[in-house]
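Analysis of the macromolecular model
Residue-level listing of the chains:
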Amino acid sequence: MGRFVEGGRKSLARMGAGRDVGAVRTVIYPGSFDPITNGHLDVIERAAKLFDRVIVAVAVNSSKAPLFTKDQRQAQITEAAAVLGNVEVSAFDGLLVDFARDQKAQAIIRGLRAVSDFEFEFQLALMNRKLEPDIETIFMMPRETYTFLSSKLVKEIAQLGGDVSAFVSPHVERALTECRK
Ligand code: ADP
């Protein structure tokens, strides 16, 4: 019996589980969030149920030219996720795995909408694992109604005067309307 328990503990430790018992489980949800949509929010809500601490991290050093500044995007996310007590908003401009390590995160969350997301996300996840083997990437699927939703489409619709109220929070809708003026 004693040997069994001892062996069990050892194999748990080997898997890295023993070290983390009782520790705060932190996950990073990185992205451009230009702007945050209801699809992103759906993923954040799911992550907030699974982890103690969710850090939504705005990527600053993105090759994409964003419509909203880093500060605007952070403020939009903060307001949209205000009801979730365990969600923080931050920004990073270096390697994601370095940021995740600094935050003592165990995992990175990415959203998967369709097969078209898979190839890029798969490459990214494996590259991040190569750079930092201790940090896992977890994929989450949003509610079906959000699988067609992207920040890019929302921006295009808003730019052309379309109604985006079903896709973003009211304060984001207002910000998109302001951009047209
Ligand atoms: P990035 O520039 O990293 O793609 P995005 O803000 O577009 O940043 O997306 C951040 C993450 O959220 C990505 O993993 C993306 O696949 C996911 N995502 C984007 N839109 C949705 C959505 N409608 N439902 C679920 N996940 C989404």
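The structure reproduced in this document is the subject of the present report. No experiment lies behind these values; they were computed from the predicted model shown.

**Quick look at the site of the ligand**
Around the ligand there are 17 residues in total, and G31, S32, G39, R110 and G111 lie nearest to it. Elements that contribute at least two residues to the shell around the ligand include exactly α3 (38–50) and β4 (107–111). Sorting elements by how many residues they give to the shell around the ligand places α3 first, with 3 residues.

**Things to note about the packing of helix α4 (residues 70–80) against helix α8 (residues 170–180)**
Following both chains from N to C, one finds α4 and α8 inclined at 150°, their axes separated by 9 Å at the closest point. In terms of orientation, α4 and α8 fall into the roughly antiparallel class. Facing Q76, E79 and A80 of α4, the residues of α8 in contact are H171, V172 and A175. A per-class count over the contact of α4 with α8 returns 3 nonpolar, 2 polar and 1 charged.

**Here we look at the sheet that holds strand β2 (residues 53–59)**
Spatially, β3-β2-β1-β4-β5 is the arrangement adopted by the 5 strands of the open sheet, whose pairing is parallel. With one partner strand each, in any of the chains shown, β3 (87–92) and β5 (136–140) form the two edges of the open sheet. When strand polarity is set aside, the average angle formed by the axes of neighbouring strands in this sheet is 30°. Relative to β2, strand β1 (residues 26–31) runs parallel, the two sharing 6 bridges. Bridging from a neighbouring strand, P30 pairs with A57 of β2. Packing of α3 onto the sheet brings it into contact with β1, β2, β3, β4 and β5, and relative to β1 it is tilted by some 170°.

About the thresholds
- Residues numbered from 1 in each chain as written.
- Predicted model: local features only at pLDDT ≥ 70, side-chain atom pairs only at ≥ 80, totals over all residues.
- Near = placed C-beta within 6 Å.
- Helix = DSSP H or I, 4+ residues; strand = E, 2+ residues; numbered from the N terminus.
- Axes fitted to C-alpha atoms, helices over the stretch in contact; angles between N-to-C directions.
- Parallel < 35°, antiparallel > 145°, perpendicular 65-115°, else oblique.
- Contact = placed C-beta atoms within 7 Å.
- Nonpolar A, V, L, I, M, F, W, Y, C, P; charged D, E, K, R; others polar.
- Pairing = 2+ DSSP bridges.

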